[in-house]
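Remarks on the overall topology
Here's the letter readout for the chains.
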Amino acid sequence: MIVPALAYLLDRLPFGNSLEGISQRQLSKLMWQSKAPSWHEYAITSRKWRRHACTACRWLNAILPRNSSIFEPGCGSAANLLWLGQQGFQRLYGSDISNSALELGQNLASLLSLPLEVWHDDGLSPTHLPNGLDGILSVNWLYHIPGATLSDFLVRYRNALKIGGYLVCDMVTRQYDKIPGNQWHTKDRKLPEEKRRPSEYTLRLDASEVSCIACRNGFAMIKSTCFTLSRPQRAVYLLRRVE
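Let us look at the structure shown here. (Residues numbered from 1 in each chain as written. Predicted model: local features only at pLDDT ≥ 70, side-chain atom pairs only at ≥ 80, totals over all residues. Heavy atoms only, no water.)

1. Quick word on helix 6 (residues 99–112)
- With 14 residues, helix 6 extends 20 Å from end C-alpha to end C-alpha; this agrees with the ideal 20 Å at 1.5 Å per step.
- Considered for burial, the residues of helix 6 that qualify are S100, A101, L102, L104, G105, L108, A109 and L112.
- The inward-facing, buried residues of helix 6 contact helix 2 (24–34), helix 3 (39–45), helix 5 (79–86), strand 2 (91–96) and strand 3 (117–120).
- Just past helix 6, the residue S113 takes up positive phi, approximately 55°. (Helix = DSSP H or I, 4+ residues; strand = E, 2+ residues; numbered from the N terminus. Expected span 1.5 Å × (residues − 1). Buried < 20%, exposed > 50% of the residue type's maximum accessible area, 1.4 Å probe, protein only. Contact = heavy atoms within 4.5 Å.)

Now the structure itself:
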């Protein structure tokens, strides 16, 4: 009981999850240079509180050797990859649809003297995928895209992984369906109903559904954890390619 309880606590504690070596002044300058949306500054400075992203990265950090290749589609400013770089990983790759976010990530990598290769691409329909990857990281984007499915995502990215390679992802759970106003965009809930946009969380799955989808597409679920107190409720899943 002690080991599972300790793992549960570590997934929820903020210690060791921040990017080191970046001052607020340096970050503000790079934000201005890249013209990246302000959200990325929050994602970097408040990274330790974004438990779904931190847990996904820590799981890869714990399970993969340091010479592993890791790719993150939808990497944004690459804060997750740079954190992995600070843990000693050298073969780090990412893609995103935002050129300004990618520029910010490259500039941060230069400031921190960390290896990073990023390029512009669409995470749902990538034109360039690395081969023979040991790990794939995907957090905080798939469930924001109307019509996206986890099944299609796994089919598209499976062959980029080695047999035995790991894919870690997060997902909004169906617990969020029980929250009043969950059908509306979180920024619009105080507006009159006719002015509200639909929820930005367009894909929601529970653990049993994720496990079945993973199995149908050549993956086994190794472990998962759910953050029930967050809004929306999210879960993180570690999948292993088995075929």
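2. Quick notes on unusual backbone geometry
- Each neighbour pair has its own omega, and for R231 with P232 the value is 0°, a cis peptide bond.
- Its location among the elements puts P232 in the loop between strand 6 (219–227) and strand 7 (234–241).
- Its identity as a non-glycine residue notwithstanding, K35 has a phi of 60°, on the positive side.
- Relative to the elements of secondary structure, K35 occurs in the loop between helix 2 and helix 3.

3. Quick look at the sheet that holds strand 2
- In spatial order, the strands read 3-2-1-4-5-7-6; together these seven strands make up an open sheet with mixed pairing. In this open sheet, the two strands that pair with only one neighbour each are strand 3 and strand 6. In this sheet, neighbouring strand axes are inclined to one another by 15° on average, regardless of whether the strands run parallel or antiparallel.
- Note that strand 5 (residues 161–172) and strand 7 share seven bridges and pair antiparallel. What sits directly across from Y166, in strand 7, is R240. (Pairing = 2+ DSSP bridges. Axes fitted to C-alpha atoms, helices over the stretch in contact; angles between N-to-C directions.)

4. Some points on the state of the cysteines
- Per the counting criterion, the structure on display carries zero disulfides.
- Unpaired in this structure, C169 has its nearest cysteine sulfur neighbour in C57, at a distance of 13 Å. (Disulfide = S-S within 2.5 Å.)

5. What about the pairing of strand 2?
- Strand direction decides the pairing type here: strand 1 (residues 69–73) and strand 2, joined by five bridges, are parallel. Across the sheet, the residue bridging to E72 is G94, located in strand 2.
- Following the backbone out of strand 1, through helix 5 and into the adjacent parallel strand 2, one traces a crossover that is right-handed.
- In this structure, strand 2 lies alongside strand 3, joined through four bridges in parallel fashion. Bridge pairing in strand 3 places D96 opposite H120. (Right-handed = clockwise from strand over helix to strand, strands pointing away.)

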